Amino acid sequence: MQEYNLIWYGAVDIFHNTRGSYTHLFQNKPGFKYTRYLIQFFASQISMMDRTETIKMPINSTILPFLKLPQFKKVTTDLEELCENRARYLLNKAISTNRKLTIMYSGGIDSTLIMVSLLKVATDKELKDYVIVLLTQASIFENKNFFTNYIIKKCNIESTYDFTHYLGK
Amino acid sequence: MTSEEFKNQVQYKSVISETNVIDIKNDPLEVHSLFDNETNRLLAVSRWTNTISTLNESNENTYARHSINKIFNLKSSDFELISTKCFLIRFYNGKFEKDEDNFTFDELYNFHLNIEKAAVLDYLNFRINLHRRSVLNGLFLQESIYDFKQKEAEEIQRSSENIDEMNFPFLREYAESKNIDLKTAAKEVLIQVKIYKTRLNNTEIMRLKYKNLIKECNDITKLNSILSQFLRESTMYARI
């Protein structure tokens, strides 16, 4: 996030209709025109890739290794247990590497699930020492009761607008 | 050399100056301007004082006039001025006069560079203001009230003894209205202050960074990529 070397965003800019970077290098390649139509139709800031690799893009493209879907496997664990196990695993990893887990909490269903799982498995001391919750006014309004009853009482809270200072630490 | 010949030679495509046209004769807002010292040519016009000040710093031998449409009676002037051709206008003895379109390459380069820079700076200011406006409350003295609340909250956080509610009128009312204790109210207020500050700080970081990039840019063809960088960083990277 330091400068402009994030490759997964850079790729979209190539296809931008008026402000494309390095467009002249690629515009005559096969499939360029159709990819540009696709990006214009949906949204210029969304990079479209099918992680299951079922849908073929008009240009030659591949999924970066860390973005590939893991192999499907059947499990008998229910969602609650899965979430709690994952929360415990991440917390243990943070403790053993002496780092902090930073949760970008929006107040929506996904980040609330993450917070609930952490609140269930972590002790008060672990929450205080190893978890930071990033939020905005919108996150507070989205789920007021959860914020008032749990987050503000148990967690370290910081502003989401400062999120770049918490990445990669 | 005409503007069109110049553009073809430099292979320069206007970024936004040709769409961001200001009708300074009829604009109800204040219009600010930058002039060349020696020739008294109008180099750039903007609705933002800030844009003109920045251009004034980055150009030698220029001077700024603020609120030109309020100071001079432009309506009676015999010229049509759009922001893409500011340099066709001279300012003599308190009057604006149109001049012939006949310039050297270097003159045209400088004129177009300033016009493009003004347009990009205007857009930057517009976007920064857009983000800042979203944190404005708009009520009289609301900033002072936030300030009082912050001070009380900081004091409550520091205090380890029993807290006398009477000493914290703003926080006491806040806590009562939300049915929470004073310590929680202090924590809530402080996180809101932090959100407010970080948000404003982000707009300031972006403003300074891109203002300086535009100010120092001497290659007209690079302005397009500066604008793209700003849009990418502010929207895709969510820096503001």
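Residues numbered from 1 in each chain as written. Chains lettered and ligands numbered in written order. Predicted model: local features only at pLDDT ≥ 70, side-chain atom pairs only at ≥ 80, totals over all residues.

A.B. asks: For the overall build of chain A, give the residues involved together with the corresponding values.
C.D. replies: When helices and strands are tallied, chain A shows eight helices and three strands. When the helices and strands of chain A are read in sequence order from the N terminus, they spell out α-α-α-α-β-α-α-β-α-α-β. Burial statistics for chain A: of 169 residues in total, 19% are counted as buried. Across chain A, every contact between residues at least 6 apart in sequence was considered, and the portion connecting residues at least 24 apart equals 66%. (Helix = DSSP H or I, 4+ residues; strand = E, 2+ residues; numbered from the N terminus. Buried ≥ 20, exposed ≤ 12 C-beta atoms within 10 Å, placed from the backbone. Contact = placed C-beta atoms within 7 Å.)

A.B. asks: Requested: an account of the packing of helix 5 (residues 142–158) of chain B against helix 7 (residues 182–216) of chain B, with residues and values cited.
C.D. replies: All names here are of chain B. Between helix 5 and helix 7, whose axes approach to 9 Å, the crossing angle comes to 125°. Between helix 5 and helix 7, the crossing angle belongs to the class labelled oblique. Relative to helix 7, helix 5 is oriented so that their crossing is left-handed. Note on element contacts: helix 7 touches helix 5 through Leu 182, Lys 183, Ala 186, Val 189, Leu 190 and Val 193, opposite Lys 149, Gln 150, Ala 153, Ile 156 and Gln 157. Its residues assigned to classes, the contact of helix 5 with helix 7 comprises seven nonpolar, two polar and two charged. (Axes fitted to C-alpha atoms, helices over the stretch in contact; angles between N-to-C directions. Parallel < 35°, antiparallel > 145°, perpendicular 65-115°, else oblique. Left-handed = near helix turned anticlockwise from the far one by under 90°. Nonpolar A, V, L, I, M, F, W, Y, C, P; charged D, E, K, R; others polar.)

A.B. asks: Which residues make up the domain arrangement of chain B, and what values go with them?
C.D. replies: All names here are of chain B. Along its sequence, chain B is carved into domain 1 (3–119) and domain 2 (135–236). Here domain 1 and domain 2 have C-alpha centroids that lie 37 Å from each other. The interface of domain 1 with domain 2 comprises 11 residues on the first partner and eight residues on the second. If you list the elements that add at least two residues to the side of domain 1 that touches domain 2, you get helix 2 (49–58) and helix 4 (105–133). Take the side of domain 1 that touches domain 2: its biggest share by element is five residues, from helix 4. Residues that form the side of domain 1 that touches domain 2 fall into these classes: five nonpolar, three polar and three charged. (Domains from an automatic or database assignment.)

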